[in-house]
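The primary structure of each chain is shown beneath.
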Amino acid sequence: MLSYQHAFHAGNHADLLKHFVLSFVLDSLNKKDKPYTFFDSHSGSGLYDLYDNRSLKTGEAQKGILSLLKLHLQEQTINNPDFESYLKLVKNFTDKNYYPGSPLIEFSKMRSQDFLILSELHPQEIENLRKNIKKAGSENPDKNPEKIANPSVQIHNRSGWEMLKALTPPKTKRGGVLIDPSYEEAADYSDALSTILAVHKKWSNGIILLWYPLLAHRSELIETMIDEITFGVKAQNENTEVLRLELTVNDKNAHKEVALAQNAAENENTPRLYGSGMLVINAPWKLKESAEVVIDYLQSVFYKK
């Protein structure tokens, strides 16, 4: 399915959870000098204009990252160094009216000895991704003095599911995977399940991050996917940690699935998601504790009563 465009939703509450967890994982991997490989299965364009017509149409960035940064500027925030690391990176982009997608967050955090492997099927999105990565690689490194050089990058115009099954485990042994399909089709849930179990079976120490939406009309499908992933991982090694993190910003019963165009035509603000979640296999140390603090804060900011 190639109709999904993340530009409508970049910087919303779901991105805040997903990218905070991603930032934490990358910072954790960076604590050791040894190289690692990171895979991104559904990369998108990697960079989003916050004043693009699509972003302005939904207003999700205004309600999400931009309102959060405004609170941060007013010092109405939390003392959490992991959250600060994420916000510091994001602000480098929002100061130029952009929001970074996961590939630019990965590229910005990773080091010269590391390997970043991206996959995107949409013909226009992959062209934008190539341009955005190339531009980021040519920018003045003095803007980020902690970063010596950029990681090696591969960009694949292929199915992310196929890419992960074909290219894991990496030669570096250390590393991780971010999986965040659009979930426009029910097959995304079964593909996520089968791909994660296949990757984990041959790369048991890889950190696997799965983003998923909280949708009232698909709650049973979501629960089944998570239960079967957890069962499959635990069947291989019962001591493997499977961490489930969820940010809810609306009551489940308030959610109604309607087309974006219909929602705009009816001039409604009906939530298309009532939240989102991250499933983390082999979660880094202290992620659970840090994320719970951040989630509590984000819910206090965004939850609509």
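Scanning the entire structure with this criterion turns up ten salt bridges. Linking Glu-127 and Arg-130 is a salt bridge whose minimum nitrogen-to-oxygen distance equals 2.6 Å. Pair noted here: Glu-127 and Arg-130 are both in helix 6 (residues 123–138), with a separation of three residues, about one helical turn. Between Glu-246 and Arg-244 there is a salt bridge whose closest N-O contact spans 2.9 Å. Counted as one network, the salt bridges with shared partners bring together Asp-15, Lys-18 and Asp-180.

Spanning 14 residues, helix 3 (residues 60–73) covers 19 Å between terminal C-alpha atoms, matching the ideal 20 Å at 1.5 Å per step. Most pronounced at Leu-66, the bend in helix 3 amounts to some 35 degrees. Among the residues of helix 3, Glu-60, Ala-61, Gly-64, Ile-65, Leu-66, Leu-68, Leu-69 and Leu-71 are the ones counted as buried. Note on helix 3: the residue one or two positions beyond its end, Glu-75, has a positive phi of about 65 degrees.

Let us look at the environment of Asp-40. Here Asp-40 shows up in strand 1 (residues 37–40). Along the chain, Asp-40 and Ser-119 lie 79 residues apart, while their C-alpha atoms are 6.3 Å from each other.

Geometrically, a packed helix pair is captured by the angle between its two axes and the distance between the axes. Contact pair helix 1 (residues 13–29) / helix 4 (residues 81–94): the axes reach a minimum separation of 9 Å and the direction vectors enclose 105 degrees. Taken together, the axis directions place helix 1 and helix 4 in an arrangement best described as roughly perpendicular. Two secondary-structure elements touch here, helix 1 through Asp-15, Leu-16, His-19, Phe-20, Ser-23, Phe-24 and Asp-27 and helix 4 through Asp-82, Phe-83, Ser-85 and Tyr-86. Partitioning the contact of helix 1 with helix 4 into residue classes produces five nonpolar, three polar and three charged.

It is worth spelling out the sheet that holds strand 4 (residues 115–119) at this point. Across the sheet, which stays open at both edges, the seven strands sit in the order 5-4-1-6-7-9-8 with mixed pairing between neighbours. One side of each edge strand has no neighbouring strand; the edge strands of this open sheet are strand 5 (152–156) and strand 8 (242–248). The mean angle between the axes of side-by-side strands here comes to 15 degrees, regardless of whether they run parallel or antiparallel. Across five bridges, the pairing between strand 4 and strand 5 is parallel. By the bridge assignment for strand 5, Leu-118 is matched with Ile-155. The strands touched by helix 9 (residues 219–236) are strand 7 (207–214), strand 8 and strand 9 (275–281); relative to strand 7, the strand with the most contacts, the crossing angle is about 165 degrees. Contacting strand 8 and strand 9, helix 11 (residues 287–302) crosses the sheet at an angle of about 10 degrees to strand 8.

With that settled, consider the packing of aromatic side chains. Going through the model one piece at a time under the given rule, you end up with seven aromatic pairs. Ring geometry for Phe-83 against Tyr-297: centres 6.0 Å apart, planes inclined by 70 degrees, an arrangement best described as edge-to-face. In this pair, Phe-83 sits in helix 4 while Tyr-297 sits in helix 11, placing the two residues 214 residues apart along the sequence. Tyr-297 matches Phe-83 in its accessibility class, with the two residues each being buried. By the ring-pair criterion, three or more aromatic residues cluster together here, those being Phe-20, Phe-24, Phe-83, Tyr-86 and Tyr-297. Over the face of the ring belonging to Trp-211 we find Lys-18, whose NZ or CZ atom lies 5.4 Å from the ring centre.

Thresholds, definitions, all that
- Residues numbered from 1 in each chain as written.
- Predicted model: local features only at pLDDT ≥ 70, side-chain atom pairs only at ≥ 80, totals over all residues.
- Heavy atoms only, no water.
- Salt bridge = Lys/Arg side-chain N within 4 Å of Asp/Glu carboxyl O.
- Helix = DSSP H or I, 4+ residues; strand = E, 2+ residues; numbered from the N terminus.
- Expected span 1.5 Å × (residues − 1).
- Bend = angle between axes of the 7 residues up to and from the residue.
- Buried < 20%, exposed > 50% of the residue type's maximum accessible area, 1.4 Å probe, protein only.
- Axes fitted to C-alpha atoms, helices over the stretch in contact; angles between N-to-C directions.
- Parallel < 35°, antiparallel > 145°, perpendicular 65-115°, else oblique.
- Contact = heavy atoms within 4.5 Å.
- Nonpolar A, V, L, I, M, F, W, Y, C, P; charged D, E, K, R; others polar.
- Pairing = 2+ DSSP bridges.
- Phe/Tyr/Trp six-rings, centres within 6.5 Å; stacked < 30°, edge-to-face > 60°.
- Lys NZ or Arg CZ within 6 Å of the ring centre and 35° of its normal.

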